[in-house]
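Structure at a glance
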Amino acid sequence: MAVYDFTHALLRAPSQSVTQGLRDGDHDGPAYDDVLREHTAYAAALRSLGLAVEILEPLEDYPDSIFVEDPALVFGEGAILLNSGAPSRAGEVAEIAPTLERLFPQVLSLIEGHVDGGDVLVTPGEVLIGLSARTDQTGAEALIVALAQLGRKGRVVATPAGVLHFKTGCGLIEEETVAVVAELDDDALFGGMRRVIVPAEEAAGANLLRVRDTVLVGEEFPRIRDLVEAHGVTTMALPVSAIGKIDAGLSCMSLRWLAT
Ligand code: CIR
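No experiment lies behind these values; they were computed from the predicted model shown.

1. Concerning the environment of Ala146
- Within the fold, Ala146 resides in helix α3 (residues 137–149).
- In this structure, the C-alpha to C-alpha distance between Ala146 and Gly91, residues 55 residues apart in sequence, is 20 Å.
- In this structure Ala146 touches Ile80 and Leu108, once residues within four positions along its chain are discounted.

Okay, here's the thing in structure tokens:
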């Protein structure tokens, strides 16, 4: 089984407060209806690829809670509750914990430090943990301990300045091929995986998402789609311009796993 052969996905519906989501800069946030439209298309895409999708109720107190990838990391064998480095998001983990307790055979917790799931890239050989404004060394080391309890190996890597999360700048195309922004084009980071460089003008689309035999790509990133298709992998274009206004991409809106 490949690391993206998921059977299940967990999402959370956007709250009206999503218009106030965190963003770098002082530009306007997205309109609620636009985010809802993108979220609906995303859920439909995952279902069309054969995943069982559960959508949790919106949380008005947490504008960014639609981005369920950040408060937890999940595998079929268990979930790990994380601890966001963004104060306004710290409460999201307690909100999602009961659902994860219901869905997973075991649920571990980060014992110290901060990690956002957006900084974690699961590759076949290891789990890469990017240090960022949201993920600190203490949290990354605590995550490595938790991963070991699930029989997985973690490794800490640097996230380049200027991107929110490690995965803002990369995503798996195939098990041994990763799409990266130029700043992440580094052998040491990806342990010898083949890298496909995302054109600078489409850097905002690097957070693509492989699900089963398809790579989901933002619809305004045609050159990335061409690059992925050139590797013989089918793409599916999805609208992301609204969530892009609050620094999010395609991996952020779901937790995904292969049921064991
Ligand atoms: C935030 O700043 O936390 C949200 N506005 C965007 C989170 C994106 N999540 C992700 O990349 N995993």
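2. Examining the sheet that holds strand β6 (residues 120–122)
- Taken in spatial order, the three strands line up as β6-β7-β8 in an open sheet, and their pairing is mixed. The two strands at the open ends of the sheet, each matched to only one other strand, are β6 and β8 (154–158). Each strand axis lies, on average, 25 degrees off the axis of its neighbour in the sheet, ignoring direction.
- Alignment of strand β7 (residues 127–131) against β8, held across five bridges, turns out to be parallel. In the sheet register, Val127 faces β8, and the bridge partner there is Gly154.
- In the packing of α3 onto the sheet, contacts are made with β6, β7 and β8, and the angle to β7 comes to roughly 165 degrees.

3. Thoughts on the sheet that holds strand β12 (residues 209–211)
- Taken in spatial order, the three strands make up an open sheet running β12-β13-β14, and their pairing is mixed. Two strands close off the open sheet at either side, each with one partner strand: β12 and β14 (234–238). Each adjacent strand pair in this sheet contributes to an overall mean axis angle of 30 degrees, direction not counted.
- As defined by bridge partners, β12 adjoins strand β13 (residues 214–218) across three bridges and the pair is classed as antiparallel. What sits directly across from Leu209, in β13, is Leu216.
- Docked against the sheet, helix α1 (residues 32–48) engages β12, β13 and β14, running at close to 155 degrees with respect to β14.
- Against the sheet, helix α5 (residues 222–230) touches β13 and β14, its axis set at about 160 degrees to β14.

4. A few points about the pattern of salt bridges
- The tally for this structure, following the rule as stated, stands at 13 salt bridges.
- The partner of Glu92 in a salt bridge is Arg89, with the nearest N and O atoms 2.9 Å apart. For the pair Glu92 and Arg89, one class covers both residues: buried.
- Between Asp116 and Arg134 there is a salt bridge, and its shortest N-O distance comes to 2.9 Å. Here Arg134 lies in the loop between β7 and α3 and Asp116 lies in the loop between β5 (107–109) and β6, a separation of 18 residues in the sequence. Taken as a pair, Asp116 and Arg134 share a single burial class, namely buried.
- Bridged by salt links that share partners, the residues Glu69, Lys167 and Arg256 form one connected network.

About the criteria used
Residues numbered from 1 in each chain as written. Predicted model: local features only at pLDDT ≥ 70, side-chain atom pairs only at ≥ 80, totals over all residues. Heavy atoms only, no water. Helix = DSSP H or I, 4+ residues; strand = E, 2+ residues; numbered from the N terminus. Contact = heavy atoms within 4.5 Å. Pairing = 2+ DSSP bridges. Axes fitted to C-alpha atoms, helices over the stretch in contact; angles between N-to-C directions. Salt bridge = Lys/Arg side-chain N within 4 Å of Asp/Glu carboxyl O. Buried < 20%, exposed > 50% of the residue type's maximum accessible area, 1.4 Å probe, protein only.

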